[in-house]
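# Examining the three-dimensional arrangement
For reference, the chains in residue letters:
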Amino acid sequence: MRYEFHIAGVVSEDLAETFPELDHVPVPDQDLFLGPVTDEAHLYGLLLRFQAVGLHVLEMRRLPD
């Protein structure tokens, strides 16, 4: 499964390195993280990591395989 996470604001490259398994794509007014999610535990772990480093997830969606 691949997921896309829309993050509020601009994420620094140092902070983006907290998510080495995801691609970081800056876009105006928000940043995107894209990448594989292995299972539900991994998905919730990513959401907890976003929260732990102070990032606000605006939207997430599963991408077509």
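Our subject in this report is the structure included herewith.

### Focus: the overall build of the protein chain
Assigned secondary structure in the protein chain consists of 2 helices and 4 strands. Counting helices and strands in the order they occur from the N terminus, the protein chain gives β-α-β-β-α-β. For 65 residues, the compact-globule estimate of 2.2 N^0.38 gives 11 Å, and the C-alpha radius of gyration of the protein chain, at 11 Å, lies within 12% of that figure. In the protein chain, which comprises 65 residues, the share counted as buried stands at 34%. Within the protein chain, counting contacts between residues at least 6 apart in sequence, those at least 24 apart form 66% of the total.

### Considering the side chain of D31
For D31, the position within the fold is in strand β3 (residues 30-36). It is R61 that comes nearest to the buried, bridge-free D31 among opposite-charge side chains, at 14 Å. Apart from residues no more than four positions distant in its own chain, D31 is found in contact with F5, H6, I7, G9, V10, V11, H24, V25 and P26.

### Focus on the packing of aromatic side chains
According to the stated counting rule, one finds 5 aromatic pairs in the structure shown. Centre to centre, the rings of Y3 and F5 are 6.1 Å apart; their planes meet at 20°, and the pair counts as stacked. The class of F5 is buried, set by a relative accessible area of 0%.

### Details of the pairing of β3
Each regular strand carries side chains that alternate between the two faces of the sheet. Counting buried positions along β3 yields 5 of 7 residues, so the element is predominantly enclosed. Note that strand β1 (residues 2-8) and β3 share 7 bridges and pair antiparallel. Following the sheet pairing, F5 is matched in β3 by F33. Relative to β3, strand β2 (residues 23-27) runs antiparallel, the two being bridged by 5 bridges. Pairing of P26 across the sheet is with D31, part of β3. Turn length for the β2-β3 hairpin, with the two strands adjacent in sequence and antiparallel, is 2 residues, and the turn residue D29 shows positive phi of about 70°.

Rules of the game
Residues numbered from 1 in each chain as written. Predicted model: local features only at pLDDT ≥ 70, side-chain atom pairs only at ≥ 80, totals over all residues. Heavy atoms only, no water. Helix = DSSP H or I, 4+ residues; strand = E, 2+ residues; numbered from the N terminus. Rg over C-alpha atoms; globule rule 2.2 N^0.38 Å. Buried < 20%, exposed > 50% of the residue type's maximum accessible area, 1.4 Å probe, protein only. Contact = heavy atoms within 4.5 Å. Lys, Arg positive; Asp, Glu negative; His and termini not counted. Salt bridge = Lys/Arg side-chain N within 4 Å of Asp/Glu carboxyl O. Phe/Tyr/Trp six-rings, centres within 6.5 Å; stacked < 30°, edge-to-face > 60°. Pairing = 2+ DSSP bridges.

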